[in-house]
Amino acid sequence: PPRTTLFLYTALFRSRAGHTGAPDGLQGRTPANSRQVEPMDSHRIASSSPRYLAPGQRNLLGIYGGVGPLSHTLFEQHLLASSHRHGARTDQEHPVWLLASASSTPNRMTSIAGTGENASGHLRHFAHLLERAGADVLFVVCNTAHAYHEAVQRELGIPWVHLMDLTADYLC
């Protein structure tokens, strides 16, 4: 969703010249029940070193995709469009992110209903994979997967941005 990518843009980049705070009325908004996204520590692995990020980017995003195989591609399109609206004109000016296209994740609907394989193991595995790879914040682009948010978030050292809380906060 476009508003989600606006929050994401703010989380990834420091303010640029002529750009103050969060775009489009999202000033001061963070997802409910989520920690504030802080700039990366210098002890992070080399892949998330500011040297390897886009100019002004302060956080490396981890995208848990493949749960609804096209959902992450749409999310990435919105992210790129938002980056372009905020001045990115070359490849190097667009944000860097990590993607786990975790299409092997069991069906979340049958998992929740108790009639299929439990999806929580896959969600934990790929969330930790992205964290170990250097992600500073996690976006899971599947509404139904958020049924596992609380349990998985307790085990992570990075915030999983809760998309429904973000949407509800925006609407209030």
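Treat the numbers as computed from the prediction; the structure is a model and nothing was measured. (Residues numbered from 1 in each chain as written. Predicted model: local features only at pLDDT ≥ 70, side-chain atom pairs only at ≥ 80, totals over all residues. Heavy atoms only, no water.)

A. Examining helix α4 (residues 120–132) more closely. Across its 13 residues, α4 extends 18 Å between first and last C-alpha, which sits within 8% of the 18 Å expected from 1.5 Å per residue. Where α4 is concerned, the buried positions are Ser120, Leu123, Phe126, Ala127, His128, Leu130 and Glu131. Here the buried face of α4 lies against β1 (61–65), β2 (97–101), β3 (137–140) and α5 (149–153). At the C-terminal side of α4, glycine 134 shows a positive phi close to 120 degrees. (Helix = DSSP H or I, 4+ residues; strand = E, 2+ residues; numbered from the N terminus. Expected span 1.5 Å × (residues − 1). Buried < 20%, exposed > 50% of the residue type's maximum accessible area, 1.4 Å probe, protein only. Contact = heavy atoms within 4.5 Å.)

B. Broad picture of the pairing of β3. Here β3 shows no split at all, with Val137 and Phe139 on one side and Leu138 and Val140 on the other all buried. Pairing geometry for β3 and strand β4 (residues 160–161), over 2 bridges, is parallel. By the bridge assignment for β4, leucine 138 is matched with tryptophan 160. (Pairing = 2+ DSSP bridges.)

C. Structural detail: the nonpolar core. With 19 residues, the main nonpolar core has Tyr64, Leu123, Leu138, Val140 and Val152 as its most contacted residues. Ranked by residue count, the leading element in this core is α4, at 4 residues. For tyrosine 64, the residues in contact, after removing those within four places along its chain, are Ala100, Ala102, Thr105, His122, Leu123, Phe126, Ala127, Leu130, Leu138, Phe139, Val140 and Val141. Leu61, Ile63, Trp97 and Phe139 belong to the second-largest nonpolar core, a separate cluster that totals 11 residues. (Core = buried A, V, L, I, M, F, W, Y, C linked by side-chain atoms within 4.5 Å.)

D. Broad picture of the pattern of salt bridges. Taken as a whole and judged by the stated rule, the model has 2 salt bridges. The closest approach of N and O atoms between arginine 154 and glutamate 150, which form a salt bridge, is 3.3 Å. Summarising the burial analysis for this pair, arginine 154 and glutamate 150 share the class exposed. (Salt bridge = Lys/Arg side-chain N within 4 Å of Asp/Glu carboxyl O.)

E. Region of interest: the sheet that holds β4. Pairing within the open sheet is parallel, and its 4 strands lie in the order β2-β1-β3-β4. A strand with exactly one partner marks an edge of an open sheet, and here the two such strands are β2 and β4. With 5 bridges connecting them, β1 and β2 associate as parallel partners. Of the residues in β2, the one forming a bridge with glycine 65 is serine 101.

F. A look at the environment of glycine 157. Checked against the element boundaries, glycine 157 lands in the loop between α5 and β4. Along the backbone, glycine 157 and arginine 132 are 25 residues apart, and their C-alpha atoms lie at a distance of 9.8 Å.

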